[in-house]
Amino acid sequence: MTSSGAPRRSTVKDIAAAAGVSRGTVNRVLNGGYVSPDARAAIEAAIAEVGYVPNTAARNLKRRRSEAVGFLALEPHTVLLEDPNIGAIMLGANAALSLAGYQMVSLVIDSDRDTERVARYLSGGFVDGAIIVSARAYDPITKLIGQIGLPAVYVGHPPDLANAIPFVGIDNAGSAGEITRRLMATGRRRIGMIAPALNRDSGADRLSGFRDALGDLFAPELVAEVPHYDYASGVNGMRELLRREPAVDGVFAASDAVAAGAMQVLREAGREVPGDVGVVGFDDSSWAARTQPPLSTVHQPARELGRNAAELVHRQILGDADVPHSVLLPSPVVWRQSA
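Note that the structure is a prediction, hence the values are computed from the model and not measured.

Cut-offs and rules
- Residues numbered from 1 in each chain as written.
- Predicted model: local features only at pLDDT ≥ 70, side-chain atom pairs only at ≥ 80, totals over all residues.
- Heavy atoms only, no water.
- Helix = DSSP H or I, 4+ residues; strand = E, 2+ residues; numbered from the N terminus.
- Buried < 20%, exposed > 50% of the residue type's maximum accessible area, 1.4 Å probe, protein only.
- Contact = heavy atoms within 4.5 Å.
- Pairing = 2+ DSSP bridges.
- Axes fitted to C-alpha atoms, helices over the stretch in contact; angles between N-to-C directions.
- Core = buried A, V, L, I, M, F, W, Y, C linked by side-chain atoms within 4.5 Å.
- Right-handed = clockwise from strand over helix to strand, strands pointing away.
- Parallel < 35°, antiparallel > 145°, perpendicular 65-115°, else oblique.
- Left-handed = near helix turned anticlockwise from the far one by under 90°.

Q: Quick question: what am I supposed to make of the environment of I148 here?
A: Checked against the element boundaries, I148 lands in helix α8 (residues 140-148). Look at I148 and you get partly exposed, because its relative accessible area is 32%. Residues I148 and H325 lie 177 residues apart in sequence; the distance between their C-alpha atoms is 19 Å. The residues contacting I148, other than those within four sequence positions of it, are L122 and S123.

Q: Where do I start with the sheet that holds strand β8 (residues 250-253) in this structure?
A: Strand pairing in a sheet takes place through backbone hydrogen bonds and is either antiparallel or parallel in direction. The sheet built from 4 strands is open, its strands ordered β7-β6-β8-β9 with parallel pairing. The open sheet terminates on both sides in strands that have one partner only, identified here as β7 (223-226) and β9 (278-280). The average undirected angle you get between the axes of adjacent strands in this sheet is 15°. Note that β8 and β9 share 3 bridges and pair parallel. Note that in β9 the partner of G250 across the bridge is G278. Lying on the sheet, helix α10 (residues 201-214) is in contact with β6 (191-196), β7 and β8; it crosses β6 at an angle near 170°. Seen against the sheet, helix α11 (residues 231-244) touches β6, β7 and β8 and runs at an angle of roughly 150° to β7.

Q: Sorry if this is basic, but what is going on with the sheet that holds strand β1 (residues 68-73) here?
A: One open sheet holds the 6 strands; their spatial order is β2-β1-β3-β4-β5-β11, and the pairing between them is parallel. At either margin of the open sheet sits one strand with a lone partner, and together these are β2 (103-108) and β11 (326-328). Within this sheet the neighbouring strands show an average axis-to-axis angle of 20°, counted without direction. Summarising the sheet, β1 and strand β3 (residues 129-133) pair through 5 bridges and their orientation is parallel. Bridge pairing in β3 places A73 opposite V133. Strand contacts of helix α6 (residues 84-99): β1, β2, β3 and β4 (152-155), with the helix running at about 175° to β1, the strand carrying the most contacts. The strands touched by helix α14 (residues 302-317) within the sheet are β1, β3, β4, β5 (167-169) and β11, with β4 carrying the most contacts at an inclination of about 165°.

Q: Help me understand the nonpolar core in this model?
A: As a rule of thumb, nonpolar side chains are buried together in soluble globular proteins. By size, the foremost hydrophobic cluster in this structure holds 48 residues, and its most contacted members are F71, I131, V155, V168, F210 and F252. Elements supplying a minimum of two residues to this core: β1, α6, β3, β4, α9 (172-184), β6, α10 and α14. Per-element tally for this core: the top contributor is α14, with 7 residues. With residues near it in sequence (within four places) discarded, F210 still touches A176, G177, T180, I191, G192, M193, F218, V223 and F252.

Q: Got a minute to help me understand the pairing of β4 in this structure?
A: Every regular strand shows the same layout, with side chains that alternate between the two sheet faces. Residues A152 and Y154 of β4 are buried on one face, and the alternating residues V153 and V155, pointing to the opposite face, are buried as well. Pairing geometry for β3 and β4, over 4 bridges, is parallel. Note that in β4 the partner of V133 across the bridge is V155. For the crossover that starts at β3, traverses α8 and ends in the parallel β4, the hand is right-handed. Sheet analysis places β4 next to β5, joined by 2 bridges and oriented parallel. When the bridges of β5 are listed, V155 appears paired with V168.

Q: So what exactly am I meant to see when it comes to the pairing of β6 here?
A: Judged by how many residues are buried, β6 sits mostly within the fold: 6 of 6 residues are covered. Looking at chain direction, β6 and β8 are connected through 4 bridges and run parallel. Bridging from a neighbouring strand, I191 pairs with G250 of β8. Both β6 and β7 contribute to a ladder of 4 bridges, which runs parallel. Opposite P196, over in β7, you have V226 as the bridge partner. At this point the chain moves from β6, through α10, to the parallel β7, and the crossover so formed is right-handed.

Q: Explain the packing of α11 against helix α12 (residues 256-268) to me, please; I cannot follow it from the model alone.
A: Geometrically, a packed helix pair is captured by the angle between its two axes and the distance between the axes. Running from N to C, α11 and α12 point in directions that differ by 50°, and their axes come no closer than 6 Å. The angle between α11 and α12 falls in the class oblique. Read as a crossing pair, α11 and α12 show a hand that is right-handed. Taking contact as the criterion, the partners of Y231, G234, V235, M238, R239 and L242 in α11 are, on α12, A257, V258, A260, G261, A262, Q264, V265, L266 and E268.

Geometric values such as these leave the question of function open.
Take a look at the structure:
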């Protein structure tokens, strides 16, 4: 990566210089033509040395499109496999892109090395646009997207997102506040929160909505910060809440997977749900149906988020000048038996 964040793309000239051959010989290798085995070996070694990434869009001068869109999930691999929302967003996006005749390419970013690899890929013309999910604040991919001008849509709104880049999402703060008020209405007064992913807009906004809904009842010590929207974070967060306040009688878990982990810990501690502790989640995912009792939660329209993101990026690719800057979808409370 350069100091500006955008990688310099190596050229055929760089390969030729490193291999000690002509540019014409390099082009024959890149286009599937015949060269001597020694020349091919030298060129392949030079390609690896200079980090050459072929620009398929530039090579396809007639169409100038790859007819592919990247789906970028900025999550650890373990969380990605466990999170049903990302899978549903992906399926919704893929369905819409398929109707438009586009291929979706899934790209997982779990490390700095992944970031550099994906940055080269996005800069190489392999995709015409990108859908980005789970971006954290000030992520280098967000900076790169703005620099290279790639048509893109975010699911969610990281605080550093440029105004020119559209996003789709939900009102995380409003929905978190609504379900917290429903929890308060059941008579709970020592209400804690297991708060994942506070470096993302979704996590920070859900905490904000929770805090505003509680008002004078809000106790900072009853917010257990955890890293991810996953079951293990729910287990660890609930244990921490019980350590801080054994008399906690309500819990807002900021995802259904987190809520499921919290309910397991409460069972192990001999606390009944909802008799002793009311628990609510967020997402209305498959986790909500698997808990006992079934989980009160907020419905997140994951497939529709994916579909809308795909439609917006496709409109950008086609040159539509009237793409909306944001699309917010409804996210109602779904009340069940856990609170």
